[in-house]
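Chains, contacts and geometry: an overview
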Amino acid sequence: AAASRPQSISLVGNRRIGKSSLLYYLYHPATRKKFLADPEMYMFAFIDFQQEQLSSVQAFFEVIYDALYQEYLEKFSIPVSPDYSGFKDLVRALDAQGRRLIILVDEFDMVTTNPVFDVDFFAFLRSMANKYNLAYVVTTAEDLQSLCHSQQIAASPFFNIFSNFNLGPFKHEEAQELIAQPSEAAGHSLEPFAEEIFAFAGYLPFFLQIACSVFFELLKNGRSKSRETIQEAKTLFLEEAEVHFKHLWEKLSPNEVALVRKIISGKKPKESEQYLANKL
(Lines give C-alpha, C1' and ligand atoms only; values in the text may rest on other atoms or scores of the structure.)
Protein backbone atom coordinates (compact mmCIF):
# COMPACT_ATOMS: atom_id res chain seq x y z
CA ALA A 1 0.00 0.00 0.00
CA ALA A 2 2.90 2.35 0.65
CA ALA A 3 4.33 1.98 -2.87
CA SER A 4 4.13 4.87 -5.34
CA ARG A 5 1.13 3.07 -6.83
CA PRO A 6 -0.56 0.71 -4.34
CA GLN A 7 -0.35 -2.94 -5.38
CA SER A 8 -3.37 -5.23 -5.46
CA ILE A 9 -2.90 -8.47 -3.49
CA SER A 10 -4.68 -11.82 -3.61
CA LEU A 11 -4.48 -13.73 -0.31
CA VAL A 12 -5.01 -17.43 -0.99
CA GLY A 13 -5.36 -20.15 1.61
CA ASN A 14 -7.47 -22.96 3.01
CA ARG A 15 -10.54 -22.33 5.09
CA ARG A 16 -9.65 -21.20 8.62
CA ILE A 17 -6.00 -20.52 7.72
CA GLY A 18 -6.26 -16.90 8.92
CA LYS A 19 -7.16 -14.91 5.80
CA SER A 20 -9.89 -12.88 7.50
CA SER A 21 -7.71 -12.26 10.54
CA LEU A 22 -4.96 -10.87 8.32
CA LEU A 23 -7.45 -8.56 6.58
CA TYR A 24 -8.70 -7.28 9.93
CA TYR A 25 -5.11 -6.67 11.00
CA LEU A 26 -4.42 -4.66 7.84
CA TYR A 27 -7.63 -2.70 8.38
CA HIS A 28 -6.94 -1.83 12.01
CA PRO A 29 -6.02 1.88 12.50
CA ALA A 30 -3.07 0.95 14.73
CA THR A 31 -1.55 -1.12 11.92
CA ARG A 32 -1.85 1.78 9.49
CA LYS A 33 -0.17 4.16 11.94
CA LYS A 34 2.64 1.68 12.51
CA PHE A 35 3.50 0.94 8.88
CA LEU A 36 2.33 3.91 6.78
CA ALA A 37 4.21 7.21 6.67
CA ASP A 38 1.02 9.25 6.11
CA PRO A 39 -1.88 7.06 7.29
CA GLU A 40 -4.36 9.94 7.07
CA MET A 41 -3.87 9.95 3.29
CA TYR A 42 -5.31 6.42 3.01
CA MET A 43 -8.94 5.36 2.93
CA PHE A 44 -9.71 1.72 3.77
CA ALA A 45 -12.95 -0.12 3.07
CA PHE A 46 -13.45 -3.57 4.64
CA ILE A 47 -16.07 -5.78 3.00
CA ASP A 48 -17.16 -9.36 3.71
CA PHE A 49 -19.22 -10.41 0.71
CA GLN A 50 -20.47 -13.51 2.56
CA GLN A 51 -22.69 -11.12 4.49
CA GLU A 52 -24.00 -9.25 1.46
CA GLN A 53 -26.64 -9.93 -1.21
CA LEU A 54 -24.96 -9.10 -4.52
CA SER A 55 -27.86 -9.03 -6.93
CA SER A 56 -26.52 -6.26 -9.16
CA VAL A 57 -23.53 -4.07 -9.95
CA GLN A 58 -25.35 -1.29 -8.10
CA ALA A 59 -25.43 -3.46 -4.96
CA PHE A 60 -21.66 -3.97 -5.25
CA PHE A 61 -20.96 -0.24 -5.24
CA GLU A 62 -23.51 0.39 -2.47
CA VAL A 63 -21.63 -2.07 -0.24
CA ILE A 64 -18.35 -0.23 -0.87
CA TYR A 65 -19.94 3.15 -0.15
CA ASP A 66 -21.50 1.83 3.07
CA ALA A 67 -18.08 0.60 4.18
CA LEU A 68 -16.53 4.00 3.46
CA TYR A 69 -19.26 6.35 4.54
CA GLN A 70 -19.10 6.46 8.33
CA GLU A 71 -15.33 6.77 8.50
CA TYR A 72 -14.61 8.95 5.48
CA LEU A 73 -17.25 10.04 3.02
CA GLU A 74 -19.24 12.27 5.35
CA LYS A 75 -16.08 14.41 5.61
CA PHE A 76 -15.97 15.00 1.86
CA SER A 77 -18.52 16.65 -0.40
CA ILE A 78 -18.09 14.10 -3.19
CA PRO A 79 -21.36 13.06 -4.85
CA VAL A 80 -21.43 9.30 -5.37
CA SER A 81 -23.99 7.29 -7.32
CA PRO A 82 -23.89 3.46 -7.08
CA ASP A 83 -22.72 2.86 -10.64
CA TYR A 84 -19.60 2.90 -12.79
CA SER A 85 -19.71 6.66 -13.29
CA GLY A 86 -20.20 7.45 -9.62
CA PHE A 87 -17.38 5.16 -8.49
CA LYS A 88 -15.06 6.64 -11.09
CA ASP A 89 -15.90 10.17 -9.92
CA LEU A 90 -15.18 9.16 -6.32
CA VAL A 91 -11.84 7.50 -7.08
CA ARG A 92 -10.75 10.34 -9.35
CA ALA A 93 -11.62 12.98 -6.74
CA LEU A 94 -9.74 11.15 -3.99
CA ASP A 95 -6.77 10.62 -6.31
CA ALA A 96 -6.68 14.37 -7.06
CA GLN A 97 -6.42 14.98 -3.30
CA GLY A 98 -3.44 12.64 -3.09
CA ARG A 99 -5.45 10.02 -1.21
CA ARG A 100 -5.20 6.28 -1.74
CA LEU A 101 -8.18 3.99 -1.61
CA ILE A 102 -7.57 0.42 -0.41
CA ILE A 103 -10.52 -1.97 -0.71
CA LEU A 104 -10.20 -5.10 1.45
CA VAL A 105 -12.55 -7.86 0.33
CA ASP A 106 -13.06 -11.10 2.25
CA GLU A 107 -14.40 -14.06 0.22
CA PHE A 108 -13.95 -12.36 -3.15
CA ASP A 109 -15.02 -15.56 -4.90
CA MET A 110 -18.58 -14.46 -4.03
CA VAL A 111 -18.00 -11.89 -6.79
CA THR A 112 -16.03 -13.91 -9.34
CA THR A 113 -18.52 -16.80 -9.23
CA ASN A 114 -21.56 -14.53 -9.50
CA PRO A 115 -22.92 -14.30 -13.09
CA VAL A 116 -24.22 -10.79 -12.34
CA PHE A 117 -20.65 -9.56 -12.85
CA ASP A 118 -19.56 -9.77 -16.48
CA VAL A 119 -16.32 -9.13 -18.37
CA ASP A 120 -17.00 -5.39 -18.57
CA PHE A 121 -17.30 -5.21 -14.77
CA PHE A 122 -13.87 -6.75 -14.20
CA ALA A 123 -12.36 -4.64 -16.99
CA PHE A 124 -13.68 -1.56 -15.19
CA LEU A 125 -12.15 -2.59 -11.84
CA ARG A 126 -8.83 -3.20 -13.59
CA SER A 127 -8.83 0.18 -15.34
CA MET A 128 -9.54 1.97 -12.03
CA ALA A 129 -6.55 0.29 -10.35
CA ASN A 130 -4.30 1.00 -13.34
CA LYS A 131 -5.20 4.69 -13.63
CA TYR A 132 -5.62 5.81 -10.03
CA ASN A 133 -4.29 5.27 -6.50
CA LEU A 134 -6.61 2.35 -5.88
CA ALA A 135 -5.76 -1.20 -4.82
CA TYR A 136 -7.74 -4.31 -3.94
CA VAL A 137 -6.69 -6.81 -1.26
CA VAL A 138 -8.88 -9.88 -1.60
CA THR A 139 -9.09 -13.33 -0.02
CA THR A 140 -10.07 -16.61 -1.66
CA ALA A 141 -9.69 -20.28 -0.80
CA GLU A 142 -8.12 -21.00 -4.21
CA ASP A 143 -6.42 -19.03 -6.97
CA LEU A 144 -8.74 -16.30 -8.27
CA GLN A 145 -8.87 -17.56 -11.83
CA SER A 146 -10.04 -21.01 -10.73
CA LEU A 147 -13.06 -19.42 -9.03
CA CYS A 148 -14.86 -17.80 -11.96
CA HIS A 149 -18.36 -18.40 -13.29
CA SER A 150 -17.10 -18.64 -16.88
CA GLN A 151 -13.92 -19.21 -18.85
CA GLN A 152 -14.35 -15.73 -20.32
CA ILE A 153 -14.12 -14.21 -16.84
CA ALA A 154 -11.13 -16.44 -15.94
CA ALA A 155 -9.30 -15.10 -19.00
CA SER A 156 -9.90 -11.47 -17.99
CA PRO A 157 -6.77 -9.27 -17.70
CA PHE A 158 -8.23 -8.11 -14.37
CA PHE A 159 -6.47 -10.94 -12.57
CA ASN A 160 -3.08 -9.81 -13.86
CA ILE A 161 -3.06 -6.81 -11.53
CA PHE A 162 -2.78 -9.08 -8.46
CA SER A 163 0.30 -10.36 -6.71
CA ASN A 164 -0.56 -13.72 -5.13
CA PHE A 165 0.33 -14.37 -1.50
CA ASN A 166 -0.31 -17.91 -0.26
CA LEU A 167 -1.08 -18.31 3.44
CA GLY A 168 0.04 -21.56 5.01
CA PRO A 169 0.90 -22.99 8.42
CA PHE A 170 2.92 -21.05 10.98
CA LYS A 171 6.64 -21.54 11.28
CA HIS A 172 7.71 -23.33 14.47
CA GLU A 173 8.79 -20.11 16.18
CA GLU A 174 5.49 -18.40 15.34
CA ALA A 175 3.47 -21.33 16.66
CA GLN A 176 5.58 -21.46 19.81
CA GLU A 177 4.90 -17.76 20.37
CA LEU A 178 1.13 -18.27 19.97
CA ILE A 179 1.20 -21.07 22.52
CA ALA A 180 3.39 -19.38 25.12
CA GLN A 181 2.85 -15.63 25.15
CA PRO A 182 -0.96 -15.12 25.42
CA SER A 183 -1.38 -17.91 27.96
CA GLU A 184 1.48 -16.63 30.13
CA ALA A 185 0.03 -13.10 30.03
CA ALA A 186 -3.31 -14.58 31.16
CA GLY A 187 -1.71 -16.38 34.10
CA HIS A 188 -1.68 -20.00 32.92
CA SER A 189 1.36 -20.71 30.74
CA LEU A 190 0.84 -23.42 28.13
CA GLU A 191 4.52 -23.77 27.33
CA PRO A 192 4.79 -27.09 29.27
CA PHE A 193 2.08 -28.46 26.94
CA ALA A 194 3.67 -27.28 23.68
CA GLU A 195 4.66 -30.79 22.56
CA GLU A 196 1.11 -32.08 23.05
CA ILE A 197 -0.44 -29.04 21.35
CA PHE A 198 1.79 -29.53 18.30
CA ALA A 199 0.84 -33.21 18.24
CA PHE A 200 -2.86 -32.27 18.15
CA ALA A 201 -2.78 -29.24 15.87
CA GLY A 202 0.41 -29.16 13.87
CA TYR A 203 1.21 -25.60 12.80
CA LEU A 204 -2.22 -24.55 11.51
CA PRO A 205 -3.26 -21.41 13.44
CA PHE A 206 -6.95 -22.26 13.79
CA PHE A 207 -6.27 -25.72 15.22
CA LEU A 208 -3.53 -24.32 17.46
CA GLN A 209 -6.07 -21.89 18.90
CA ILE A 210 -8.53 -24.71 19.58
CA ALA A 211 -5.86 -26.82 21.29
CA CYS A 212 -4.61 -23.88 23.35
CA SER A 213 -8.16 -23.04 24.42
CA VAL A 214 -8.79 -26.61 25.57
CA PHE A 215 -5.60 -26.84 27.65
CA PHE A 216 -6.08 -23.33 29.04
CA GLU A 217 -9.59 -24.13 30.33
CA LEU A 218 -8.30 -27.31 31.99
CA LEU A 219 -5.51 -25.35 33.71
CA LYS A 220 -7.99 -22.71 34.85
CA ASN A 221 -9.98 -25.50 36.48
CA GLY A 222 -6.97 -26.59 38.51
CA ARG A 223 -5.72 -29.45 36.37
CA SER A 224 -2.00 -30.23 36.19
CA LYS A 225 0.01 -31.99 33.51
CA SER A 226 -0.80 -35.69 33.60
CA ARG A 227 -1.74 -38.51 31.26
CA GLU A 228 -5.40 -38.06 32.21
CA THR A 229 -5.32 -34.32 31.51
CA ILE A 230 -3.73 -34.84 28.09
CA GLN A 231 -6.24 -37.55 27.16
CA GLU A 232 -9.17 -35.35 28.22
CA ALA A 233 -7.70 -32.44 26.24
CA LYS A 234 -7.41 -34.65 23.17
CA THR A 235 -11.05 -35.71 23.46
CA LEU A 236 -12.24 -32.11 23.85
CA PHE A 237 -10.00 -30.95 21.00
CA LEU A 238 -11.33 -33.56 18.56
CA GLU A 239 -14.94 -32.77 19.49
CA GLU A 240 -14.41 -29.24 18.14
CA ALA A 241 -11.78 -29.83 15.47
CA GLU A 242 -12.98 -33.02 13.79
CA VAL A 243 -15.53 -31.36 11.50
CA HIS A 244 -12.88 -28.91 10.30
CA PHE A 245 -10.34 -31.68 9.72
CA LYS A 246 -13.00 -33.50 7.71
CA HIS A 247 -13.62 -30.41 5.59
CA LEU A 248 -9.90 -30.07 4.80
CA TRP A 249 -9.65 -33.77 3.93
CA GLU A 250 -12.62 -33.63 1.57
CA LYS A 251 -11.09 -30.66 -0.26
CA LEU A 252 -7.94 -32.63 -1.15
CA SER A 253 -7.58 -33.98 -4.67
CA PRO A 254 -7.26 -37.78 -5.18
CA ASN A 255 -3.52 -37.37 -5.80
CA GLU A 256 -3.13 -35.35 -2.61
CA VAL A 257 -5.06 -37.95 -0.61
CA ALA A 258 -2.84 -40.71 -2.00
CA LEU A 259 0.28 -38.76 -1.07
CA VAL A 260 -0.94 -38.06 2.47
CA ARG A 261 -1.68 -41.77 2.97
CA LYS A 262 1.80 -42.57 1.67
CA ILE A 263 3.46 -40.14 4.09
CA ILE A 264 1.39 -41.47 7.01
CA SER A 265 2.63 -44.99 6.20
CA GLY A 266 6.20 -43.74 6.56
CA LYS A 267 7.15 -43.59 2.86
CA LYS A 268 8.92 -40.62 1.32
CA PRO A 269 7.38 -38.77 -1.64
CA LYS A 270 8.92 -39.49 -5.03
CA GLU A 271 10.66 -36.65 -6.82
CA SER A 272 7.68 -36.46 -9.19
CA GLU A 273 5.39 -35.97 -6.15
CA GLN A 274 7.45 -33.22 -4.54
CA TYR A 275 5.33 -30.42 -6.03
CA LEU A 276 2.30 -31.91 -4.30
CA ALA A 277 4.18 -32.22 -1.01
CA ASN A 278 5.20 -28.57 -1.26
CA LYS A 279 1.60 -27.56 -1.88
CA LEU A 280 0.37 -29.57 1.10
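Below you will find a few notes about this structure. Each chain carries its own residue numbering, running from 1 in the direction its sequence is written. Given that this is a predicted model, residues contribute local features only at a pLDDT of at least 70 and side-chain atom pairs are listed and counted only at 80 or more, while totals for whole chains, interfaces and linings are drawn from all residues. To get the side-chain values, take all heavy atoms of the structure and skip hydrogens and water.

**Some details on the nonpolar core**
The criterion is simple. A nonpolar core is a set of buried Ala, Val, Leu, Ile, Met, Phe, Trp, Tyr and Cys residues joined through side-chain atoms within 4.5 Å. Each residue gets one of three labels from its accessible area relative to the maximum for its type: buried under 20%, exposed over 50%, partly exposed in between, using a 1.4 Å probe on protein chains only. Grouped together as the largest cluster of nonpolar side chains are 50 residues, with contacts concentrated most on Phe60, Phe87, Ile103, Val111, Tyr136 and Phe158. Helical segments are the DSSP runs of H or I of at least four residues, strand segments are the runs of E of at least two, and each set is numbered from the N terminus. The set of elements that each furnish at least two residues to this core consists of strand 2 (42-48), helix 3 (57-69), helix 4 (84-96), strand 3 (100-106), helix 6 (119-131), strand 4 (134-140) and helix 7 (151-154). The contact criterion used throughout is that any non-hydrogen atoms of two residues lie within 4.5 Å. If we skip the residues at most four places from it in the chain, Val111 touches Phe49, Leu54, Phe60, Phe117, Phe121 and Phe122. Counting 23 residues, the second largest nonpolar core, distinct from the first, contains Ala175, Ile197, Phe207 and Ile210.

**Topic: the packing of helix 10 (residues 205-220) against helix 11 (residues 227-251)**
Axis lines are fitted to C-alpha atoms, over the contacting stretch for helices. Their N-to-C directions set the angle, which ranges from 0 to 180 degrees. Where helix 10 contacts helix 11, the two axes come as close as 9 Å, and the packing angle between them is 155°. On the basis of their axis angle, the class for helix 10 and helix 11 is roughly antiparallel. As for how helix 10 packs across helix 11, the hand of that crossing is right-handed. Every residue of helix 11 that contacts helix 10 at Phe206, Phe207, Ile210, Ala211, Val214, Phe215 and Leu218 is listed here: Thr229, Ile230, Glu232, Ala233, Leu236, Phe237, Glu240, Ala241, His244, Phe245 and Leu248. In these notes the angle categories are as follows: under 35 degrees is roughly parallel, over 145 is roughly antiparallel, 65 to 115 is roughly perpendicular, and the rest is oblique. Throughout, a crossing is termed right-handed when the near helix is turned clockwise from the far one, and left-handed when it is turned anticlockwise from it by less than a right angle.

**A closer look at a nonpolar patch on the surface**
Like charges within 9 Å and nonpolar side chains (Val, Leu, Ile, Met, Phe, Trp, Tyr) within 5 Å are joined into patches, using only residues over 30% in relative accessible area that form no salt bridge. Every accessible area reported is derived by Shrake-Rupley at a probe size of 1.4 Å, with residue values counting cover from the shown protein chains alone. When a carboxyl oxygen of Asp or Glu lies within 4 Å of a side-chain nitrogen of Lys or Arg, that pair is called a salt bridge. On the surface, a cluster of nonpolar side chains totalling about 290 Å² of accessible area is made up of Tyr25, Leu26 and Phe35. Following the sequence through the fold, Leu26 ends up in helix 1 (residues 19-27). A residue is classified by how much of its surface remains accessible, and Leu26, at 30% relative accessible area, is partly exposed.

**What to know about the packing of aromatic side chains**
Stacked, edge-to-face and tilted are the three classes for Phe, Tyr and Trp ring pairs, Trp counted by its six-membered ring, which pair at centre distances within 6.5 Å; planes under 30 degrees apart are stacked, over 60 edge-to-face, the rest tilted. Following the criterion strictly, the structure yields 28 aromatic pairs and no others. For the pair Phe60 and Phe61, a centre-to-centre distance of 5.4 Å together with 80° between the ring planes defines the contact as edge-to-face. Residue Phe61 is classed as buried on the basis of its relative accessible area, which comes to 0%. We call a charge positioned above a ring when the Lys NZ or Arg CZ atom is no farther than 6 Å from the ring centre and deviates by at most 35 degrees from the ring normal. Directly above the ring of Tyr27 sits Arg32, whose terminal nitrogen or CZ lies 5.0 Å from the centroid.

**A look at the sheet that holds strand 3**
Two strands are counted as paired when DSSP detects at least two bridges linking them. Spatial ordering of the open sheet is given by 2-3-4-1-5, a layout of 5 strands whose pairing is parallel. Among the strands making up the open sheet, the edge pair consists of strand 2 and strand 5 (162-166). The mean angle between the axes of side-by-side strands here comes to 15°, regardless of whether they run parallel or antiparallel. The pairing of strand 1 (residues 8-12) with strand 4 spans 4 bridges and is classified as parallel. Bridging from a neighbouring strand, Val12 pairs with Thr140 of strand 4. Contacting strand 1, strand 2, strand 3 and strand 4, helix 1 runs over the sheet at an angle of about 155° to strand 2. The sheet strands contacting helix 4 are strand 2, strand 3 and strand 4, and the helix crosses strand 3 at an angle near 130°.

**Considering the packing of helix 9 (residues 194-201) against helix 11**
At their nearest, the axes of helix 9 and helix 11 sit 10 Å apart, and the two run at 30° to each other. In terms of their interaxial angle, helix 9 and helix 11 are classed as roughly parallel. Relative to helix 11, helix 9 is oriented so that their crossing is right-handed. Seen from helix 9, the contacting residues are Glu196, Phe200 and Ala201; seen from helix 11, they are Ile230, Ala233, Lys234, Phe237 and Phe245. Considering only residue class, the contact of helix 9 with helix 11 consists of 6 nonpolar, no polar and 2 charged. Here the nonpolar group is Ala, Val, Leu, Ile, Met, Phe, Trp, Tyr, Cys and Pro; Asp, Glu, Lys and Arg are the charged ones; every other residue, Gly included, is treated as polar.

**Quick notes on the pattern of salt bridges**
Think of it this way: side chains of opposite charge can pair up when their charged atoms draw near. Summed over all chains, the structure comprises 4 salt bridges. A salt bridge links Glu232 to Arg223; the shortest N-O distance between them is 2.5 Å. Given a relative accessible area of 31%, Glu232 falls into the partly exposed group. The class for Arg223 is partly exposed, based on a relative accessible area of 29%.

**Digging into unusual backbone geometry**
A negative phi angle is the norm for most residues apart from glycine, just as the trans form is the norm for most peptide bonds. Here Arg16, not a glycine, exhibits a phi torsion of approximately 70°, which is positive. By the secondary structure assignment, Arg16 is in the loop between strand 1 and helix 1. Look at Glu107: it is not a glycine, yet its phi comes out positive at around 60°. Structurally, the position occupied by Glu107 is in the loop between strand 3 and helix 5 (109-112).

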